[in-house]
Amino acid sequence: MDGTVESGDEIKMAGSTEVPPSLRWAVIKSMMNAQTHTNASLEQYLLYVTHEKFDLNKKEIEVCLDEAITSQKRALEDLKAARDIVQELE
């Protein structure tokens, strides 16, 4: 399994037949926040490497990567928060 959900596939939580709409929204919002952090990191680096006025040296690339790591940590925290909400319902 590659982690993708095909059209028509369903994700069901163990021990539950109905997922409250508020939980669905919390999970969706957390995943959207995580994706936003990922996109921001990529967009920032893409801006740097595609514009002539930005000529990044090794140190500046490291700073950019450090910022991306920080952003990814925020994304991970968003996903963990969603998971914690789901686990609280068990």
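Conventions we followed
- Residues numbered from 1 in each chain as written.
- Predicted model: local features only at pLDDT ≥ 70, side-chain atom pairs only at ≥ 80, totals over all residues.
- Heavy atoms only, no water.
- Helix = DSSP H or I, 4+ residues; strand = E, 2+ residues; numbered from the N terminus.
- Buried < 20%, exposed > 50% of the residue type's maximum accessible area, 1.4 Å probe, protein only.
- Contact = heavy atoms within 4.5 Å.
- Areas by Shrake-Rupley, 256 points an atom, 1.4 Å probe, with all protein chains shown as cover.
- Salt bridge = Lys/Arg side-chain N within 4 Å of Asp/Glu carboxyl O.
- Axes fitted to C-alpha atoms, helices over the stretch in contact; angles between N-to-C directions.
- Parallel < 35°, antiparallel > 145°, perpendicular 65-115°, else oblique.
- Nonpolar A, V, L, I, M, F, W, Y, C, P; charged D, E, K, R; others polar.
- Patch = residues over 30% accessible without salt bridge, like charges linked within 9 Å, V, L, I, M, F, W, Y side chains within 5 Å.

Draft legend 1. Broad picture of the overall build of the protein chain. Each helix and strand counted, the protein chain has two helices and zero strands in total. Across the 90 residues of the protein chain, 14% fall into the buried class. Sequence-distant contacts in the protein chain: of pairs separated by 6 or more residues, those separated by 24 or more amount to 70%. Accessible surface, the protein chain as shown: approximately 7500 Å² in total, 57% of it carbon and sulfur.

Draft legend 2. Main features of the pattern of salt bridges. Applying the stated rule across the entire model yields two salt bridges. For Lys-58, the salt bridge identified is with Glu-62, shortest N-O distance 2.8 Å. With Lys-58 and Glu-62 both in helix H2 (residues 58–88) and four residues apart, the pair spans about one turn of that helix. What makes Lys-58 exposed here is its relative accessible area of 62%.

Draft legend 3. Structural view of the packing of helix H1 (residues 21–50) against H2. Running from amino to carboxyl end, H1 crosses H2 at an angle of 175 degrees, the nearest separation of the two axes being 8 Å. For the element pair H1 / H2, the angle class is roughly antiparallel. Of the residues assigned to the contact of H1 with H2, the class counts are 14 nonpolar, eight polar and three charged.

Draft legend 4. View of a nonpolar patch on the surface. Together, Trp-25, Ile-28 and Met-32 line one region of the surface with nonpolar side chains, adding up to about 320 Å² of accessible area. Tracing the backbone through its elements, the reader meets Trp-25 in helix H1.

Draft legend 5. Examining the environment of Ala-40 more closely. Along the chain, the position of Ala-40 falls in helix H1. You can call Ala-40 partly exposed: its relative accessible area is 40%. Ala-40 sits 32 residues away from Gln-72 along the chain, and the two C-alpha atoms are 9.8 Å apart.

Function cannot be read off these values alone, since they describe shape.
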